[in-house]
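What follows is the residue order along each chain.
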Amino acid sequence: DSRVPFEADRICQSLYAAAEAQGTASAFLIRELTDVVLHFLAQASFDAIPSSAQIAEEVEKIVREVGQPELARRYAERQQRAAEPLAHHVTVACTALPDRFVSECLEAYALQVIFTRDVAAAIHEGLLHVSGLNAPAALSSLVLEATRLAELPWWPALDDWRACGGEHWIVESPEWLFTAQTHPALTPHLCEHLLSLPTLAQRSVELHLNVAEPPAWSLAHPARPLFTPDEEEATLQERSNFLDSLLERWKMLNAPKVPMIAWHVHERSFRDETERRQLHDLLRQALQGKAIRFIFDRPRAAVALAEGLDRKCPGVLVEVGLDLAALAQRPDVERDGLTLLKKLPSLARIAVSAAGQKRQFLRGLPEASPLKRRFLIDRAAVAVAPLGLDEAVRRITGESLAKSSLSLDFALKVLQTLKDALHDAGQAINLDLRLDGPALSAADTTLSPTQQLEIAGKLHARAGAGSATLFLTDEADMNTDSLRELLHWAWRSTGIVRLQLRHTQSAVQQGELPL
């Protein structure tokens, strides 16, 4: 059987190579042209499954008929020549400090070896911002196996995680390691491991605590047939004691790298006396500038973790930022909202190509790689961030989305268009792409906390997730009791997913992915 699967990206890459030979290469224009070709190609009638030569001939015909005869000619010429083996050459200036030099070498390697020339061009042109270029053989973010933190020795686990994960590590629900039979020595042992992770691994670490439901590996998980409610109640005090001990040590920690606390908020957070006390203390710490954010757990919704992550996903393959402001500034958009909306799917598909190429590269790693265990590569998701949304909206409508209901409505249309395009393109290659909240370029100091949360909640609900910062400008807003009530209202009445607090003269600004 000589049949090969159809790959739309191959057409895009061939057209881009032809455009390079012509001297008119533009990553975005070639992606748009590819989408046009695919549209007409889907309508073409073939007597049987077409051969590669028949598809190439049809592509040449379509390109010529849409007004690109010279590009069609060069494309045809390239199809007739045997494929030339790629020769990768990386040139890096030796003027940087050693660490920066190594990072630049890895980035150049990634752009040459992982990504095709059209995707690399989109990165160079600023349309895409891709994370982890300096760690090409790793995931962008990794959810650590919490049970391995209690192992003795735990260094093998640390080495495995270093090989798997890039810059961001997430630890979820370590308090559920505690049962009625747990030895008291586990508390200081586990606290030391958790608090030392950022320094030992030289990674950013986020500790997700107080999640509404127990993790799947816990004895108290509802899926376990021998579980009874009494068992969860019996371990409640042990979990609370551990969280109190961990938070107290975390507050006193004096180190260059400190883990961020991601405290999950749910119904018990507002009615249980112990959890109300813990939330009150964390709000006070957050107002003092400590690294804390609050994650909203809601009934019948997936438990959100960090950007692009939930409990079903063990890591983020790559984080891709779509520069909407750069797209809106293109001359062919000309402040036309409908034109911008029509072009968004092409930008989204470039991001999908980048993610697919990163996955293909990781699949080619040696079988001994820790990434090949637990099916991490194929279970990992892709986090996509729409960058510069507010700037793009202002360019189209003339006003910030925080100032005008018309602008906010257009922003929601942008998010829906991106979400649909990412879902369809990802489904075609069995890749889980997750739009994770817009990023506003400026804050509005006139917005009240409630208005900030309402706007951010609408954006998060439309995207499916997101991270926001609540800017507090009035001393009355700094009262922890008032803030707790505000969080309770936001949990009940908005779509907010992740929230940080900041005392400033600015107003709400969405959190951007660390790209």
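Scroll up to find the structure this text is about.
For the structure given in this document, a descriptive report is provided here. The structure presented is a predicted model; accordingly, all values stated were derived computationally and were not measured.

## Side note on the pairing of strand S11 (residues 498–503)
With two bridges joining them, strand S6 (residues 292–296) and S11 adopt antiparallel strand pairing. The residue of S11 that forms the bridge with Ile-295 is Arg-498. Alignment of strand S10 (residues 467–472) against S11, held across six bridges, turns out to be parallel. The partner of Ala-468 across the bridge, within S11, is Leu-499.

## Points about the packing of aromatic side chains
A full pass over the atoms with the stated rule returns five aromatic pairs. Look at Tyr-109 and Phe-361: their rings are 6.3 Å apart centre to centre, the planes differ by 70°, and that puts the pair in the edge-to-face class. Within this pair, whereas Tyr-109 is found in helix H5 (residues 98–113), its partner Phe-361 is found in helix H13 (residues 337–363), the two being separated by 252 residues in sequence. Classification of Tyr-109 as partly exposed rests on a relative accessible area of 34%. Over the ring of Trp-250 we find Lys-290; its NZ or CZ atom is 5.6 Å from the centre of that ring.

## Structural notes on the side chain of Ser-269
By the secondary structure assignment, Ser-269 is in helix H10 (residues 268–271). Ser-269 has contacts with Asn-210, His-264, Glu-275, Arg-276 and Leu-279, leaving out every residue within four places of it along the chain.

## Concerning unusual backbone geometry
Across the junction of Leu-152 and Pro-153, the peptide omega takes the value -10°, indicating a cis bond. Within the secondary structure, Pro-153 is located in the loop between strand S2 (139–143) and helix H7 (155–164). Despite not being glycine, Ser-173 has its phi angle at roughly 60°, a positive value. Mapped onto the fold, Ser-173 is located in the loop between strand S3 (165–172) and helix H8 (186–201). With a relative accessible area of 0%, Ser-173 lands in the buried category. A positive phi angle, near 55°, is found at Arg-335, a position not held by glycine. Take Arg-335: it is sitting in the loop between helix H12 (324–328) and H13.

Cut-off values and rules
- Residues numbered from 1 in each chain as written.
- Predicted model: local features only at pLDDT ≥ 70, side-chain atom pairs only at ≥ 80, totals over all residues.
- Heavy atoms only, no water.
- Pairing = 2+ DSSP bridges.
- Helix = DSSP H or I, 4+ residues; strand = E, 2+ residues; numbered from the N terminus.
- Phe/Tyr/Trp six-rings, centres within 6.5 Å; stacked < 30°, edge-to-face > 60°.
- Buried < 20%, exposed > 50% of the residue type's maximum accessible area, 1.4 Å probe, protein only.
- Lys NZ or Arg CZ within 6 Å of the ring centre and 35° of its normal.
- Contact = heavy atoms within 4.5 Å.

Geometric values such as these leave the question of function open.
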